[in-house]
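Chain residues, written in single-letter form:
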Amino acid sequence: MRDSQGTSGLILNEPLLWKKGSKGRSGFSMPRRDVVPSPVAEGITGDGPDFPDLSELDVVRHYTRLSQWNFGLDTGMYPLGSCTMKYNPKINEKQATLPGLTGAHPLLPAELSQGALKLMYRLERYLAEITGMDAVTLQPAAGAHGELTGMLIVHAYHKNAGSRRSKIIVPDTAHGTNPASAALCGFSSVPVQSDEKGIISPEVVAGVMDEDTAGIMITNPNTLGLFEENIREIARIVHAKGGLVYGDGANMNAVMGIMQMGKIGFDVMHLNLHKTFSTPHGGGGPGGGPVCVKDFLAPFLPVPRVVYGEGTYHLSENFSQSIGRLHAFHGNFGVMIKAFCYIMSMGGEGLKQASRLAVLNANYIKESLKESLHLPYDRACMHECVFSDKLQETQKVTTLDMAKRLIDYGFHPPTIYFPLVVHGAMMIEPTETESKEDIDRFIEALRAIVAEARENPELLKSAPCRPKVRRLDETAAARKPCLAG
Amino acid sequence: MRYLPHTEEDIASMLRSVGAEHMDDLFSVIPPDCRMGKALDLPDALTEWELNTLVEALAETMAVSPKYKIFMGAGSYDHYIPESVSYLLGRSEFSTAYTPYQPEISQGTLQAVYEYQTLTSRLLGMEVANASMYDGASALAEALLMAIRITKRKRVALSRLVHPHYRAVVETYLRPGGYEIVELPCLEDGRTDILGLPGMDDLAAVAIQSPNFFGCIEDLTEASKSIREAGAFFVTSFTEPLAYGLFKNPGCQGADIVCGEGQSLGIPRSFGGPGLGMFACRIKHVRSMPGRLVGKTNDREGRPGFVLTLATREQHIRREKANSNICTNSSLCALASAMYMASLGGTGIRELACLNYDKAEYLKRGLREAGCTVTFDSPTFNEFVVTFPKKLKYTYKKLLKQHIVAGVPLSTWYPELVDHTLLCVTETMGREDMDALIREMEL
């Protein structure tokens, strides 16, 4: 590949914060002192933290240089499977910084916060429509927080029904966080394997589902990017034994306007606002993990809930069966604003088109690369497809090597070594916001890498060579942790 | 739609490549009885300009400064945020990146989080801090779960002066596991009564917040002695970390785990979220700690760099045996707080903390002179409990008409504190605004 996107520009080295600055400098405009100093009781004052003193420009250069060592979605294609790294619209960022919204105290009386409450109420209604569910909480701060909320609801539902259940079924194609979330509610995970088509068969679920099992956690489409075709039958089996069906909606981007989880057997599910609904991931949060439920589970939703009546919105804690509170206030409101703006900008037809294009992009990549890379499940995929490094085994080139080499070509690597059901998995999710040209360039880069694996495998094993640092010694980092300077 | 780049020609050519005739053929694997038979019932798409109008209208209904003078704290504080912090945080290399799983192209986030961990450790007087939790409430719940894991005991004691919402979140997290929560009562001076501690056996942890919900500074050193004798973990919580610019930090007073909310440090209130869960502990317990950690290492050419480390504690590796299920956390807010701490510096945080203290003391004095009662004698930071000369309901309403929000009434959580309100001032409250509030008391 002659015209690789990846190149090297001038980036600058930058020391750690505390190696800069000089005592007495300041990067903060200290407010005018308009009151006299007051005495402080003896023995309770401390020395204050040992922070470096920096000027405003010191701080600005420091973080500008650091930012230049990062690859963001605005830099280039970020095909991380099951993470839905789609474009984060800039106008939504602006809305979330309007002074009326950023400056709002969370405990303001309802009559002084109608706009925020209305926005939350409407966002809940829209998410209910998109998922085909009846009631929604926006409180969970991320996907795993939403999973925990969902599991707490499952737990509370069974407890309320007077039944103690200790197990939960988690397929091998579900998200990695699922078992840990379930464990917090005292459920032990019962793993079930997907079949040769990469989906769950009703028979394996019937084989493990019993009256000590609280339910099943299903990611649909699953982490192989495949639609769980037997979902209705699986739900019937689980429901017949009194269990609930939990949906991990992390892959919702494939099915907006195509399928409603609430209409095909799911009782409770979470969404990721920082995936499907375009809010930026922030290098690891903050996100948003709303939970949507069917009517019969609504009494268990966390409090406070946004309630509308007599022309006004207010927050109510008056739900005696609620699982309680999950967040110090009402959740990540700043993230909710952006998701609300996204839905308002897309409309129903726009969301459906986004899902169609996300699926088209993934299938296009799958078809274009299946001659070059091993495709363990050669069937129509949803929004992501999973390859493996099987064809490169003879060259002793691994998924990791190919992923690292992609960096040199100017792409963020896909999700690798997940899902665990595929040995050496490479999970590619392009999302709908990548254009055909960009996807073609990505395909061309991967083909070039596959050729390099044959001709010059060392190149891949030593990749990447263009970023600021080469492969890092993670073993040493874990053996002798250095976690603060 | 401007976010969808595909032209009709692109779509036609891509469909040909995948062997489909129509877009809907792509979904043929979805059984017909699982497909939606109708269009989504959502409002029509708005243009960028229509969206501006809509959201501005919603924002305009909110009571915010400068039109309103808001004397509210209670876990969410109004502090000035330098424009340089907001500007840097907006750099999309930071904001549009994912979790730094590929360290070679994430060194910016990784070094910044490493620096955040360091500044946080220094601020709290601890040895190690993680990359962040969702917020102060979930951080406290996770701290208690950590102590339960290490001690293998099933009982925790929680001060009644820990933020009531934090206590509620702790209950939500701990209830399904069958853990017992004991409440430590409040002394007359507004601090936690730890006298009952020696009688409580088999405690995994004791949690005390300082400054506590009433703004009072707790005597953590004293508490740590009794807690140590009980063999329990000493967990301290906070909602206003700026206080440690002036007061002793929890680490030097014997805390084992320090956790709380970092919103004060450069993050807008945003109606309560996103916030920043700060979490720190002793290095000997690091392998039991929840959340992500960034560590320093070298690349294959010997150059220093940073990676996510000790991942074997985490959910994606250890599955149900993980220390926590947390994955996405509050990384960008951690960056905001690091930028803010760096902008203030050691000198600045001291000066700003003193100014906050002095403002609250000024208001306290003025209100006392105007006939109000300050309920608790203990030293406070930023906020304090007060009763007005007249009924709270009456005064609160009267002040609201003048666009003054007279704090957070406490009887919702503390039924015995009828007519008590929790008032808060920070550096953003001018003397004339405090004088206006004081004058109203005399009318």
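Residues numbered from 1 in each chain as written. Chains lettered and ligands numbered in written order. Predicted model: local features only at pLDDT ≥ 70, side-chain atom pairs only at ≥ 80, totals over all residues.

1. Examining the overall build of chain B
Let me state the cut-off plainly: Segments assigned H or I by DSSP are reported as helices when at least four residues long, segments assigned E as strands when at least two residues long, and all are numbered from the N terminus. Once C-beta atoms are placed from the backbone, each residue is buried if 20 or more other C-beta atoms lie within 10 Å of its own, exposed if 12 or fewer, and partly exposed for counts between those two. With C-beta atoms placed from the backbone, a contact is any residue pair whose C-beta atoms sit within 7 Å.
Along the backbone of chain B there are twelve helices and 15 strands. Its C-alpha atoms give chain B principal-axis dimensions of about 80 × 55 × 50 Å. The buried share among the 443 residues of chain B stands at 60%. Considering only residue pairs separated by 6 or more positions, chain B has 73% of its internal contacts joining residues 24 or more positions apart.

2. Thoughts on the domain arrangement of chain A
Residues and elements named next belong to chain A. Our working definition: What marks off one domain from the next here is an automatic or database domain assignment. Put simply, Ala, Val, Leu, Ile, Met, Phe, Trp, Tyr, Cys and Pro go in the nonpolar bin, Asp, Glu, Lys and Arg in the charged bin, and everything else, Gly too, in the polar bin.
According to the domain assignment, chain A consists of domain 1 (92-344) and domain 2 (349-475). Here the C-alpha centre of domain 2 lies 30 Å away from the C-alpha centre of domain 1. Taken together, the contacts link 20 residues of domain 1 with 21 residues of domain 2. Along the lines of polarity and charge, the residues of the side of domain 1 that touches domain 2 split into nine nonpolar, nine polar and two charged.

3. Things to note about the sheet that holds strand 10 (residues 385-387) of chain A
All names here are of chain A. Keep this limit in mind: At least two bridges found by DSSP between two strands are what make those strands a pair.
With antiparallel pairing, three strands are arranged side by side in an open sheet as 10-12-11. This sheet does not close on itself; its edge strands, each paired only once, are strand 10 and strand 11 (415-416). Of the pairings in the sheet, the one linking strand 10 to strand 12 (residues 426-428) comprises three bridges and is antiparallel in character. If you follow Val-386 over to strand 12, its bridge partner there is Met-427.

4. Overview of helix 2 (residues 48-60) of chain B
All names here are of chain B. The following threshold applies: In this scheme, a helix's expected span is set at 1.5 Å multiplied by one less than its residue total. The directions considered for the arc run from the helix axis to the C-beta atoms.
Between its first and last C-alpha, helix 2 extends 18 Å over 13 residues, near the 18 Å set by a 1.5 Å rise per residue. Residues Leu-51, Val-55, Leu-58 and Ala-59 constitute the buried set of helix 2. Down the axis, helix 2 shows its buried residues gathered within 100° of arc, on one side only. Away from the buried face of helix 2 by more than 90 degrees, exposed residues Trp-49, Thr-53, Ala-57 and Glu-60 are located.

5. Focus: the interface of chain B and chain A
If you look at the interface, chain B gives 163 residues, while chain A gives 171 residues. Per element, the largest residue contribution to the side of chain B that touches chain A is 23 residues, and it comes from helix 10 (residues 331-369) of chain B. Each residue belonging to the side of chain B that touches chain A can be placed in one class, and the counts come to 81 nonpolar, 49 polar and 33 charged.

6. Section: the environment of A:Ile199
Residues and elements named next belong to chain A. As for its position among the elements, Ile-199 is in the loop between strand 3 (188-192) and helix 7 (202-208). Judged by the 23 C-beta atoms lying within 10 Å of it, Ile-199 falls in the buried class. On a C-alpha basis, the gap between Ile-199 and Glu-229 in space is 7.5 Å, while along the polypeptide they are 30 residues apart.

7. Re the domain arrangement of chain B
Residues and elements named next belong to chain B. Domains assigned within chain B are domain 1 (69-81 + 348-442) and domain 2 (83-340). Placing the centre of domain 1 and that of domain 2 at their C-alpha centroids yields a distance of 28 Å. With 26 residues of domain 1 in contact, the opposing surface of domain 2 contributes 28 residues. Here the residues of the side of domain 1 that touches domain 2 are counted per class, giving 14 nonpolar, eight polar and four charged.

8. So, the sheet that holds strand 14 (residues 408-409) of chain B
All names here are of chain B. Under the convention used in this document: Lines fitted to C-alpha atoms define the axes, with helix axes restricted to the stretch in contact, and inter-axis angles between N-to-C directions lie between 0 and 180 degrees.
Spatially, 11-12-15-14 is the arrangement adopted by the four strands of the open sheet, whose pairing is antiparallel. The sheet is open, and its two borders are formed by strand 11 (373-374) and strand 14, each paired with just one other strand. Pairing analysis gives two bridges linking strand 14 to strand 15 (residues 420-424), with the strands arranged antiparallel. Bridge assignment links Pro-409 to a residue of strand 15, and that residue is Thr-421. Helix 10 contacts strand 11, strand 12 (383-387) and strand 15 of the sheet and is inclined by roughly 10° relative to strand 12.

9. Remarks on unusual backbone geometry
The step from B:Ser210 to B:Pro211 runs through a cis peptide bond, and the omega angle for that step is -5°. Following the sequence through the fold, B:Pro211 ends up in the loop between strand 5 (203-209) and helix 8 (220-229). Backbone torsion omega between B:Gly273 and B:Pro274 reads 5°, so that peptide bond is classified as cis. Summarising the element assignment, B:Pro274 is placed in the loop between strand 7 (257-261) and strand 8 (277-281). If you check the backbone angles, A:Lys396 has positive phi at about 60° while not being a glycine. The class of A:Lys396 is exposed, set by 12 C-beta atoms lying within 10 Å. Although it is not a glycine, B:Asn382 adopts a positive phi angle of roughly 70°. Relative to the helices and strands, B:Asn382 resides in the loop between strand 11 and strand 12.

10. Considering the packing of helix 1 (residues 56-67) of chain A against helix 10 of chain B
Formally: What sets the label is the angle itself: under 35 degrees gives roughly parallel, over 145 gives roughly antiparallel, 65 to 115 gives roughly perpendicular, and the rest give oblique. Each crossing is labelled by how the near helix is turned from the far one, with a counterclockwise turn of less than a right angle marking it left-handed and a clockwise turn marking it right-handed.
In the contact formed by helix 1 of chain A and helix 10 of chain B, the axes pass within 9 Å of each other and the chain directions differ by 150°. Comparing the axis directions of helix 1 of chain A and helix 10 of chain B gives the class roughly antiparallel. As for the relative orientation of helix 1 of chain A and helix 10 of chain B, their crossing is right-handed in sense. Facing A:Glu56, A:Val59 and A:Tyr63 of helix 1 of chain A, the residues of helix 10 of chain B in contact are B:Met339, B:Ala342 and B:Ser343.

11. A short note on the nonpolar core
A general trend in soluble globular proteins is that nonpolar side chains are found buried together. Basically, it comes down to this: Throughout this description, the term nonpolar core refers to a group of buried Ala, Val, Leu, Ile, Met, Phe, Trp, Tyr and Cys residues whose C-beta atoms join them within 7 Å.
Core analysis: the biggest nonpolar cluster contains 305 residues, and B:Leu144, B:Ala205, B:Val206, B:Val235 and B:Met339 have the highest contact counts within it. For this core, the element with the most residues is helix 9 (residues 333-369) of chain A, which contributes 21 residues. If we skip the residues at most four places from it in the chain, B:Ala205 touches B:Leu144, B:Ala147, B:Val156, B:Ala232, B:Phe233 and B:Val235.

12. A look at the packing of helix 4 (residues 114-131) of chain A against helix 2 of chain B
The geometry of helix 4 of chain A relative to helix 2 of chain B is characterised by a closest axis approach of 6 Å and an angle of 130° between their N-to-C directions. Judged by the inter-axis angle, helix 4 of chain A sits oblique to helix 2 of chain B. For the pair helix 4 of chain A and helix 2 of chain B, contact is made by A:Gly115, A:Lys118 and A:Leu119 and by B:Leu58, B:Ala59 and B:Glu60, respectively. The residue inventory of the contact of helix 4 of chain A with helix 2 of chain B, partitioned by class, reads three nonpolar, one polar and two charged.

13. What to know about the pairing of strand 12 of chain B
All names here are of chain B. Burial of strand 12 is extensive: four of the five residues sit out of reach of the surface. Where strand 11 lies against strand 12, two bridges are found, and the strand directions are antiparallel. Across the sheet, the residue bridging to Val-374 is Val-386, located in strand 12. Relative to strand 15, strand 12 runs antiparallel, the two being bridged by five bridges. Bridged to Glu-383 within strand 15 is Cys-424.

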